[in-house]
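Take a look at the letters that make up each chain.
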Amino acid sequence: MKKIKVASPGRINLIGEHIDYNDGFVLPAAIDKSISMEFSVNGHASRCTIKSDGFDSILVANLNKLKKSTEGWHNYVLGVLYEIQKLSPKLRGFDCYMESLIPVGSGVSSSAALECGIAFGLNELFDLGLDKWELVKLGQRAEHNFVGTKCGIMDQFSSVMGKKGHTMLLDCRSLDFEYIPTKLDPYKLLLLNTNVSHNLSTGEYNIRRAQCEDGLALLSKRFGIEKSFRNVTPQMLDESRNELGILLYNRCSYVIEEIQRVQDAVKALKAGELEKFGKLMGQTHQGLGKKYEVSCPELDFLVEIAEKDPLVLGARMMGGGFGGCTLNLIHVDGIDQFVDKASKAYKETFGITLSYFFTFPSQGISIIENEGV
Ligand code: GAF
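Keep in mind the model is a prediction, meaning the values are calculated, not measured.

**Section: the nonpolar core**
- One finds Val77, Val80 and Ala119 to be the most contacted residues of the largest nonpolar core, which totals 101 residues.
- The dominant element in this core, judged by the number of residues it contributes, is helix H7 (residues 241–270), at 10 residues.
- Both of domain 1 (3–182 + 362–372) and domain 2 (187–359) provide at least three residues apiece to this core.
- Those residues in contact with valine 80, other than ones at most four positions away along the chain, are Glu115, Ile118, Ala119, Leu138, Gly139 and Ala142.

**Here's the deal with the site of the ligand**
- Around the ligand, a shell composed of Glu17, His18, Asp20, Tyr21, Ser109, Cys151, Gly152, Met154, Asp155, Gly319 and Gly320 is seen.
- Its residues assigned to classes, the shell around the ligand shows 3 nonpolar, 5 polar and 3 charged.

**Concerning unusual backbone geometry**
- Here the amide bond leading from aspartate 185 into proline 186 is cis, since omega sits at 5°, within 30 degrees of zero.
- Position of proline 186 among the secondary structure elements: in the loop between strand E8 (177–181) and strand E9 (187–197).
- The backbone phi angle of asparagine 195 is positive, close to 60°, even though this residue is not glycine.

**Some words on the domain arrangement of the chain**
- Splitting the chain by domain gives domain 1 (3–182 + 362–372) and domain 2 (187–359).
- The straight-line distance from the C-alpha centre of domain 1 to that of domain 2 is 25 Å.
- In this assembly, 30 residues from domain 1 lie in contact with 36 residues from domain 2.
- Of the residues in the side of domain 1 that touches domain 2, the class split is 12 nonpolar, 12 polar and 6 charged.

**Some details on the packing of helix H9 (residues 297–308) against helix H10 (residues 335–350)**
- One can describe the packing of H9 onto H10 by two numbers: an axis separation of 11 Å at closest approach and a directional angle of 145°. Taken as a pair, H9 and H10 cross one another with a handedness that is right-handed. Taken together, the residues of H10 that come into contact with H9 (itself represented by Glu298, Phe301, Leu302 and Ile305) are Lys341, Ala342, Ala345, Tyr346, Thr349 and Phe350.
- Taken together, the residues of the contact of H9 with H10 break down into 7 nonpolar, 1 polar and 2 charged.

**Observations concerning the environment of leucine 288**
- For leucine 288, the location among the structural elements is in helix H8 (residues 274–291).
- In this structure leucine 288 comes out as buried when scored by C-beta crowding, with 23 C-beta atoms within 10 Å.
- Along the chain, leucine 288 and histidine 18 lie 270 residues apart, while their C-alpha atoms are 8.6 Å from each other.

**Quick look at the sheet that holds E8**
- With antiparallel pairing, the 3 strands of this open sheet are ordered in space as E2-E7-E8. Edge positions in the open sheet fall to strand E2 (25–26) and E8, since each of these has one partner strand only.
- Pairing of E2 with strand E7 (residues 166–171) involves 2 bridges; the strand directions are antiparallel. Along E7, the bridge assignment pairs phenylalanine 25 with aspartate 171.

**A short note on H10**
- Taking 1.5 Å of rise per residue, 16 residues should cover 22 Å, and H10 covers 22 Å from first to last C-alpha, within 8% of that figure.
- Among the residues of H10, Phe338, Ala342 and Tyr346 are the ones counted as buried. Buried residues of H10, viewed axially, fall in a sector of 50°; they line one side. In H10, the exposed positions that point more than 90 degrees away from the buried face belong to Asp336, Gln337, Asp340, Lys344, Lys347 and Glu348.

**What to know about the packing of helix H2 (residues 110–125) against helix H3 (residues 132–147)**
- Relative orientation of the contacting elements H2 and H3 amounts to 130°, with a least axis distance of 9 Å. With respect to H3, the element H2 is oriented oblique. For the element pair H2 and H3, the recorded crossing hand is right-handed. Contact residues: Ser111, Ala112, Glu115, Cys116, Ala119, Phe120 and Asn123 in H2; Leu135, Leu138, Gly139, Ala142 and Glu143 in H3.
- Here the contact of H2 with H3 is built from residues that sort into 7 nonpolar, 3 polar and 2 charged.

**Here we look at the UniProt feature "domain: GHMP kinase N-terminal" (unreviewed entry) in the chain**
- If you check UniProt for "domain: GHMP kinase N-terminal" (unreviewed entry), the listed places come out as residues 75–163 in our numbering.
- Regarding residues 75–163, the helix share stands at 60% and the strand share at 8%, and the terminal C-alpha atoms are separated by 28 Å.

**As for the sheet that holds E9**
- Reading across the sheet, the 4 strands line up as E10-E11-E9-E12 and stay open at both edges, with antiparallel pairing between neighbours. Strands at the two margins of the open sheet, each flanked by one partner only, are strand E10 (312–317) and strand E12 (355–359). Pairwise comparison of adjacent strand axes, ignoring direction, gives a mean angle of 20° for this sheet.
- Across 8 bridges, E9 lies against strand E11 (residues 323–331) in antiparallel orientation. Within the sheet, the bridge partner assigned to leucine 190 lies in E11 and is asparagine 328.
- Helix-sheet contacts for H8 involve E9, E10 and E11, and the interaxial angle to E10 is about 25°.
- Of the strands in this sheet, E9, E10 and E11 are in contact with H9, which crosses E10 at around 175°.

**As for the UniProt feature "domain: GHMP kinase C-terminal" (unreviewed entry) in the chain**
- According to UniProt, the "domain: GHMP kinase C-terminal" (unreviewed entry) feature falls on residues 265–346.
- Annotation note: span residues 265–346, helix share 59%, strand share 18%, distance between end C-alpha atoms 29 Å.

**Topic: the environment of asparagine 42**
- Tracing the backbone shows asparagine 42 in the loop between strand E3 (28–41) and strand E4 (47–52).
- Placed 40 residues apart in sequence, asparagine 42 and lysine 2 show a C-alpha to C-alpha distance of 8.8 Å.
- Every residue in contact with asparagine 42, bar those within four places of it in the chain, is listed here: Arg47, Gly93, Phe94 and Asp95.

Cut-off values and rules
Residues numbered from 1 in each chain as written. Predicted model: local features only at pLDDT ≥ 70, side-chain atom pairs only at ≥ 80, totals over all residues. Core = buried A, V, L, I, M, F, W, Y, C linked by C-beta atoms within 7 Å. Buried ≥ 20, exposed ≤ 12 C-beta atoms within 10 Å, placed from the backbone. Helix = DSSP H or I, 4+ residues; strand = E, 2+ residues; numbered from the N terminus. Domains from an automatic or database assignment. Contact = placed C-beta atoms within 7 Å. Near = placed C-beta within 6 Å. Nonpolar A, V, L, I, M, F, W, Y, C, P; charged D, E, K, R; others polar. Axes fitted to C-alpha atoms, helices over the stretch in contact; angles between N-to-C directions. Left-handed = near helix turned anticlockwise from the far one by under 90°. Pairing = 2+ DSSP bridges. Expected span 1.5 Å × (residues − 1). Arc of directions from axis to C-beta. Parallel < 35°, antiparallel > 145°, perpendicular 65-115°, else oblique. UniProt positions renumbered as here; feature names shortened; annotations may be inferred.

Take a look at the structure:
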């Protein structure tokens, strides 16, 4: 029987948060932590079993009767199976066992890694003939339709397209992208995990998206422009302040600023101006906290400590928000002292143990074992 093992990584995003679904640019990379998934054909026409080391429940799916589950993680898998069936009649029964090294709920997108790993593995196992972009997009649709989060494209894109040593500048409107060699020495990317996840994420995420759509609809009508934040100037935004109201004004203001910030950050990165890059990360955090309101006290606390440390060039919350990790660009010489200081202060203030890990831009989804294929 055919067997295949794949590794599907999580992602970081250096800058460009909450703008993938707002026609912006993002700068993510796959990380060195992944879910490994072993797939085998089981000879049944429609029975599939999926087991994970991280969850007690086993998912048993019938390809003829795919429907949403009440068990959270099942929906990521079921959604992918459903989307594959819309594209190909070749899917049959399979067994899958997975082990994850990606911390769940920490903003490094274990969910996209799961979706894309299932899609990629089954594509190989059953020769479905789907290309990488089809896998990325079907992962996103699975999340929209089965999980209910109206996510952008960044996470699935990063997991599939990642390249070792490179960040990726993705234009989320045209889907053109550029691999950028990313050497940060003597700085490193340090993730501090708040170990909180304020359960607001899916609801608040969809609300942010809807607010941006409402704001943009108003702006495009008022100025007779095509519906894209790229066509809105800061001046147009200011002129529309009263009509938008403070909440929509703030949301749109963050988006317009962040679209510009990513472009400035990429210039800085290419020129090796890491100090400038770090400052822009800090501005992103301020925008996400004050204007987009997706931060939380724990994230703000960690960013504040980082900002006071001369060896940290930049820090910000990363991912959807309301918990998860901060991303810190830190000099190697400052790491031990900084982690120690942050851990103590965090424990004293919130009573929670901080965890942390380093990462670097890594290879996207890949096959790690192949038998009888
Ligand atoms: C989540 C989403 F899945 C992404 O699409 C992106 O919007 C991110 O939040 C925020 O930048 O990870």
